[in-house]
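These are the residues of each chain, in order.
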Amino acid sequence: MIMPSKYQGYMGEMLDINLTSGTVGTYDVSDRDREKFIGGKSIAAKILYENLAPGVDPFGDENILIINTGPLTGSGAPCTSRFNITTKSPLTGGICTSNCGGSIGIHIKKAGYDGVIIRGKAKSPVCIEINDNDVQIKDASQLWGKNTEETQQSLPKKMGKAVIGPAGENRVLFASIISGERAAGRAGAGAVMGAKNLKAIVATGAKNVPIYKPEEFRKNIKDWINILKNHPITGESLPRYGTAGFLNKISICHTLPTRNFSEGTFEHAEEISGEALAEKYLIKNMGCPSCPIKCGRQVEIDGKAVKGPEFETIGMFGSNISNRDLWAICEWNRIMDLLGFDTISAGGVIGFAMELNKKGLWKNGLEFGRIGEIPKLLEDIAYRRGIGNELADGVKKLSEKYGGADFAIHAKGLEMAAYEPRGSVGMGIGYATANRGACHLESGYLVFFERIAPINIDPYDTRSKPAYAVMQQNLLEAVNASGNCLFTTYASIPAAAFRIKPYGTSAKLISKLMSSGHLILDHAGALPPSAMPIHFFSMIPHTLVISNLTGMKMTLGNFLAAGERGFNMARLFNLREGFGKEIDSLPRRLTHELQIPNDPRTRVQLNKMLPKYYSIRGWDARGVPTRSHLRKLGMDAYALD
Ligand code: SF4
């Protein structure tokens, strides 16, 4: 029997749907778990751990797919259309989590649920339709084979949707799930949906998210929107140039992957920058529902206003394959969304294949800078034709077949996002330790503090990065779990900092202080959550907003502890799947080859950073969370020793 939650902000139950038996039930999440993990990604990691036996085939009936929201999802707070998809990844064999701002999350809550767990496998293509309390598994044979736009257009207009395209049907290992115009892209959740014969999920309802203190909550929202709108990044740069607005700076700072991560600066960066996109092709900015930032781009293709590319796509399909044609990237971005696969992994695997060809390891006809065949190649990946069939398995599997492991740019099997970590070594420790693989967001996104923010921590300093990586990974995990967009955390750097001269004396002093900040942060893990019984509304508004939304005591300490639990839960899942310390690694190119000749700082010294990272996390020398540390987190039941 489902126990009603004492907390507001949650709808109180999750749907539990078995496609093999065609049954629909509910799944109980306790208030204790809500206090410990908040929701979304972090509770989903616990559900995955508890409901999956070790070693199951990601494409087998036993794998489960969890679509989960956080308390903030659909609450009316800024940037809270976010939901998370969690499953066992067919690409990495570890945990797959993918956060998305599309329409389905809000609508699942409107229907009265916090999330949906999908088990088993349908005999033929189906669509799950959730209409308030009425949940049906419907035949979707007529949708099979359609692209993601055709599929969404064939489904009821006013419902939230999550669908797959041909890539998911054909089990491309990095197939995405598309919801509205947004993608849950990384690590292959779309392929798991395809393996379950699940073409689409749609939801709607008339329920509202309950609020604990409506008046205070509304005031918090107003203040939060003001902070976001008046901040140089969330109020100016992101709305005007989108995420691609960082591209020029990232290239100048040796952090833009170029020709399969062999270099960090692209000679044509300006031509593919956010500024160029805004000047030449932008119709308007757009965003996920409930977002005042609106970092998304809209461009016109074939007479139609469609979603434009983001930084990651431009990096991976621009500099990474030596392409300066921004318009082509806009078109390919659309093709990949229609076919339903991840643009980051696709750019990574094509760049790797180009280098394999160049080095004579795999004669595939692909060359850096030659882009005429890319549209056909993208189709071939989705339909698993010719060399597309091999590219569809990702960089790691290609390197196992053709060699080139030293420059196979992935971590844990997930292709690296568009930040070259030799120019930003904090990204290096982050990529290596992120649970889903080389993800820029789960890594902790230290490039923000190393290169993007107005005052930077030395991007080559290795002493401070383990502590900053741990802190940021925990923070972003908690923000994600709460149902909020990670981009709201750009505003955690006070707007006043942007008025300081970047290379002036004050900037240098603050930068030094930030680098020394690790002396405190190195020991933060030893503190109990009660050590930070505070809110910093102007920097991290999430804690007060969640408190007033739910009635939960969500201090900064509790928030970071929840993030830490979620991160550890995912780590434990991976360890149980047989991942060991060796999996916290990066390709040799990044750890041993200098990006800038004769500059010894320009490599990721992982061997220096990893032991310290483990120690700060409370993990042993093998990277396993110790029982005593898990006990501190209230998770000792999951200790592996
Ligand atoms: S900031 Fe961008 S990604 Fe985040 S919610 Fe807004 S539009 Fe979506």
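The structure displayed is predicted, hence computed values, not measured ones.

Asker: Which residues make up helix α14 (residues 374–383), and what values do they have?
Answerer: Within α14, burial applies to I374, L377, L378, D380, I381 and A382. At its buried positions, α14 is contacted by α5 (166–169), α11 (311–317), α12 (326–339), α13 (343–358) and α15 (386–391). Residue R384 follows α14 closely and has a positive phi angle near 55°.

Asker: Got a sec to walk through the packing of aromatic side chains? Specific residues and values, please.
Answerer: We describe a pair of aromatic rings using the distance from one ring centre to the other and the angle between the two ring planes. Scanning all chains against the criterion turns up 17 aromatic pairs. Relative to Y402, the ring of W362 has its centre 4.4 Å away and its plane inclined at 15°; by these criteria the two rings are stacked. Linking W362 in the loop between α13 and α14 with Y402 in helix α16 (residues 394–402), this pair joins segments that are 40 residues apart in sequence. Y402 sits in the buried class, given a relative accessible area of 18%. In textbook terms, an aromatic cluster arises when at least three aromatic residues are bridged by ring pairs, as seen for F246, F311, Y419, Y445, F448, F449, Y468, F487 and Y490. Looking at R576, its charged tip hangs above the ring of Y49, at a distance of 3.9 Å from the centre.

Asker: Tell me about the layout of surface pockets, and name the residues and values.
Answerer: Estimates place the volume of the largest pocket at around 1,000 Å³. Of all the secondary-structure elements, those providing two or more residues to the lining of the largest pocket are α19 (465–482), α20 (505–516), α21 (518–521), α23 (556–576) and α25 (606–617). Taken together, the residues of the lining of the largest pocket break down into 32 nonpolar, 6 polar and 3 charged. When its volume is computed, the second largest pocket comes out at roughly 520 Å³. Every residue lining the second largest pocket is counted, 19 residues in all, and those nearest its centre are E450, P454, N456, P502 and Y503. Of all the secondary-structure elements, those providing two or more residues to the lining of the second largest pocket are α9 (247–252), α18 (447–452) and α20.

Asker: I'd like a rundown of empty space enclosed by the protein, residues and numbers included.
Answerer: All told, the structure shown has 3 cavities of 30 Å³ or more when counted by the stated rule. Put simply, the parts of the chain that give the lining of the second largest cavity at least two residues each are α18 and α19. Element by element, the count of residues in the lining of the second largest cavity is highest for α19, at 3 residues. Among the residues making up the lining of the second largest cavity, the classes are represented as 9 nonpolar, 4 polar and no charged.

Asker: Could you give an account of the pairing of strand β2 (residues 23–27), with specific residues and numbers?
Answerer: With 5 bridges connecting them, strand β1 (residues 14–18) and β2 associate as antiparallel partners. The residue of β2 that forms the bridge with I17 is V24. Turn length for the β1-β2 hairpin, with the two strands adjacent in sequence and antiparallel, is 4 residues, and the turn residue G22 shows positive phi of about 75°.

Asker: Which residues make up the sheet that holds β2, and what values go with them?
Answerer: With respect to topology, 6 strands assemble into an open sheet ordered β2-β1-β6-β3-β4-β5, the strand pairing being mixed. Pairing within the sheet leaves two strands with one partner each, and these edge strands are β2 and β5 (95–100). Between one strand and the next, the sheet's axes are offset by a mean angle of 20°, whatever the strand orientation. Pairing of strand β3 (residues 65–69) with strand β6 (residues 115–119), which is carried by 4 bridges, proceeds in the antiparallel orientation. The residue bridging N68 from the neighbouring strand is G115, located in β6.

Asker: Give me the side chain of Q472: which residues, what numbers.
Answerer: By secondary structure assignment, the location of Q472 is in helix α19. Beyond its immediate stretch of four places on either side in the chain, Q472 contacts G444, L446 and F449.

Asker: So, the sheet that holds strand β15 (residues 304–307): which residues are in play, and what are the values?
Answerer: Pairing is antiparallel across the open sheet formed by 3 strands, whose spatial order is β13-β14-β15. With one partner strand each, in any of the chains shown, β13 (282–286) and β15 form the two edges of the open sheet. Adjacent strand axes in the sheet meet at a mean angle of 35° when their direction is disregarded. By the bridge criterion, 4 bridges tie strand β14 (residues 296–301) to β15 in an arrangement that is antiparallel. Within β15, the residue paired with I301 across the bridge is K304. Taken strand by strand, helix α8 (residues 232–241) contacts β13 and β14, and its axis lies near 20° from that of β14. Sitting on the sheet, α12 touches β14 and β15, and the angle it makes with β14 is about 100°.

Asker: Explain the pattern of salt bridges to me, using residue names and the numbers behind them.
Answerer: A full pass over the atoms with the stated rule returns 42 salt bridges. Put simply, K138 and E129 hold a salt bridge, and the shortest N to O gap is 3.1 Å. For E129, a relative accessible area of 15% gives the class buried. Linking D620 and R622 is a salt bridge whose minimum nitrogen-to-oxygen distance equals 2.6 Å.

Asker: How would you summarise the pairing of β3 if you had to cite specific residues and measurements?
Answerer: Extensive coverage of β3 is indicated by the burial of 5 of its 5 residues. Across 4 bridges, the pairing between β3 and strand β4 (residues 83–88) is antiparallel. The residue bridging N68 from the neighbouring strand is N84, located in β4.

Asker: I'd like to hear about the packing of α19 against α23, residue by residue, with values.
Answerer: Two elements in contact, α19 and α23, have axes separated by 7 Å at closest approach and are oriented at 95°. Classified by the angle their axes make, α19 and α23 are roughly perpendicular. Contacts from M471, Q473, N474, L475, E477, A478, V479 and S482 in α19 reach F559, L560, G563, E564, G566 and F567 in α23. Residue composition of the contact of α19 with α23, grouped by class: 7 nonpolar, 5 polar and 2 charged.

Definitions and limits used
- Residues numbered from 1 in each chain as written.
- Predicted model: local features only at pLDDT ≥ 70, side-chain atom pairs only at ≥ 80, totals over all residues.
- Heavy atoms only, no water.
- Buried < 20%, exposed > 50% of the residue type's maximum accessible area, 1.4 Å probe, protein only.
- Helix = DSSP H or I, 4+ residues; strand = E, 2+ residues; numbered from the N terminus.
- Contact = heavy atoms within 4.5 Å.
- Phe/Tyr/Trp six-rings, centres within 6.5 Å; stacked < 30°, edge-to-face > 60°.
- Lys NZ or Arg CZ within 6 Å of the ring centre and 35° of its normal.
- 1 Å grid on protein atoms, 1.4 Å probe; cavity = no way out; pocket = protein on both sides within 12 Å on 5 of 7 lines; lining within 4 Å.
- Points joined across faces, edges and corners; volume = space filled by probe spheres on them.
- Nonpolar A, V, L, I, M, F, W, Y, C, P; charged D, E, K, R; others polar.
- Pairing = 2+ DSSP bridges.
- Axes fitted to C-alpha atoms, helices over the stretch in contact; angles between N-to-C directions.
- Salt bridge = Lys/Arg side-chain N within 4 Å of Asp/Glu carboxyl O.
- Parallel < 35°, antiparallel > 145°, perpendicular 65-115°, else oblique.

This is a description of form; function is not addressed.
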